[in-house]
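Structural description and commentary
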Amino acid sequence: MVNSASTLTRWVPLIFVVLWSTGFIGAKYALPYVEPFNLLLIRMLITLVVFAALMLFFRSKWPSRQQILHQLVVGSLVHAAYLGGVFAAIKLEMPAGIAALLVGLQPLLTALMAWSTLGERLHPRQWIGLLLGLVGVAMVLLRGQDLGQFDISMGALMAAMLALLGISIGTLYQKRFGAGVDLISASFFQYLATALWMALLSYFFENQQVEWHPQLIWSLAWLVFGLSVTAILLLMYMIREGEASKVASYFYLVPPLTALEAWLLFDEVLSIGAIAGVLVTVVGVFLVLKAPGNPARSVKLNEKRGNL
């Protein structure tokens, strides 16, 4: 049983990356029929119902008042700020590739924050890996794009930076204050905060019109059960069990994998340069995860581990 559990744990990051990478694909299928903030609101409301049922089924431990407040903050950062920021940037006509590239700074920013706030220490080879990962993501997302062909508004830039800061700070916040919280209960309150934010954004900036096309329904089902349920539980598990900088490095694999999926599903061009970028990214993540450890590499802030 121990070996089986250990083997399953090793597959968690790969499963997470595959699921997380489909988020942009699911959104692309859904957005022709609904506005972005309203899409996120509907997604969050359905997800809340699912997690409420999961809490009852597994008899999840109810968090303390302080833990609830912490999870509301995490939800506001990891979900509301990140998803809302990315969708807002694209809505304000920032090219999706550029938005993803800016958010792709997250592993490097998280590593810097973890080094300065959590005491995590990275081997020089791991810093090289983080930089290589960023270079690889840029190679994938900027393939064939002429940077002189478009202007980026200040509003779009601020939205993208909000998404970057949200998921980076949120990852560290969950690592610091999420110890001992049942993952299902924690996710419920994260999504509660997100739903409230999306309701406000949709009310003030959108008209709430929805065309209930079968494509939208199937996309919503995947976004809820594939990402909001499965992928997020895996992410919270990885944050709880691992170092924040290493967990963040997996996000470097998401844009290249999304590019491959878009090539398969939407016939988007995948150039030789993009393929080379995928390889560079994989090498960078490998260096982050496999570099020799430092005996004093981390300050262990989460001795107590919650139960799923």
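One can find the structure itself at the top, above this paragraph.
What you see is a predicted model; the values in this text were computed from it and never measured.

So, on to the overall build of the chain. When helices and strands are tallied, the chain shows twelve helices and zero strands. Counted from the first residue to the last, the chain has its helices and strands arranged as α-α-α-α-α-α-α-α-α-α-α-α. Looking at the chain as a whole, 50% of its 308 residues are labelled buried. For the chain, the proportion of contacts with a sequence separation of at least 24, taken over those separated by at least 6, is 91%. In the form shown here, the chain has an accessible surface area of approximately 15,200 Å², with 70% of it arising from carbon and sulfur atoms.

This paragraph deals with the side chain of Gln 190. Position of Gln 190 relative to the elements: it lies in helix α8 (residues 183-205). Classification of Gln 190 by relative accessible area gives buried; the value is 0%. There is a polar contact of 2.7 Å between the side chain of Gln 190 and the side chain of Gln 71. Once you skip the residues sitting within four places of it in the chain, Gln 190 turns out to touch Gln 71, Val 74, Gly 75, His 79, Gln 174, Ile 232 and Met 236.

If you check the backbone angles, Arg 59 has positive phi at about 55° while not being a glycine. Secondary-structure assignment places Arg 59 in the loop between α2 (36-58) and α3 (65-91). In this structure, Gln 208 takes a positive phi of about 60° despite not being glycine. Here Gln 208 lies in the loop between α8 and α9 (214-241).

Now for the nonpolar core. With 49 residues, the main nonpolar core has Phe 16, Trp 20, Phe 51, Tyr 82 and Leu 235 as its most contacted residues. Contributions of two or more residues to this core are made by α1 (2-30), α2, α3, α4 (96-103), α7 (154-177), α8 and α9. Top element by residues in this core is α9. It accounts for ten residues. Beyond its immediate sequence surroundings of up to four residues, Phe 51 is in contact with Ile 184, Ser 187, Phe 188, Tyr 191, Ser 228, Val 229 and Leu 233.

Let's shift gears to the packing of aromatic side chains. Applying the stated criterion across every chain yields a total of six aromatic pairs. With a centroid separation of 5.2 Å and 80° between ring planes, the pair formed by Trp 62 and Phe 189 is classed as edge-to-face. One end of the pair, Trp 62, is in the loop between α2 and α3; the other, Phe 189, is in helix α8, and 127 residues separate them in sequence. Given the relative accessible area of 7%, Phe 189 is considered buried.

We now examine a nonpolar patch on the surface. A surface patch of nonpolar side chains, amounting to about 660 Å² of accessible area, comprises Trp 197, Leu 200, Tyr 203, Phe 204 and Phe 205. Mapped onto the fold, Leu 200 is located in helix α8. Residue classification places Leu 200 among the partly exposed positions, given a relative accessible area of 46%.

Rules used throughout
- Residues numbered from 1 in each chain as written.
- Predicted model: local features only at pLDDT ≥ 70, side-chain atom pairs only at ≥ 80, totals over all residues.
- Heavy atoms only, no water.
- Helix = DSSP H or I, 4+ residues; strand = E, 2+ residues; numbered from the N terminus.
- Buried < 20%, exposed > 50% of the residue type's maximum accessible area, 1.4 Å probe, protein only.
- Contact = heavy atoms within 4.5 Å.
- Areas by Shrake-Rupley, 256 points an atom, 1.4 Å probe, with all protein chains shown as cover.
- Polar contact = N/O pair within 3.5 Å; in protein donor to acceptor, adjacent residues only side chain to side chain.
- Core = buried A, V, L, I, M, F, W, Y, C linked by side-chain atoms within 4.5 Å.
- Phe/Tyr/Trp six-rings, centres within 6.5 Å; stacked < 30°, edge-to-face > 60°.
- Patch = residues over 30% accessible without salt bridge, like charges linked within 9 Å, V, L, I, M, F, W, Y side chains within 5 Å.
- Salt bridge = Lys/Arg side-chain N within 4 Å of Asp/Glu carboxyl O.

Such coordinate-based values are descriptive only and should not be taken to indicate function.
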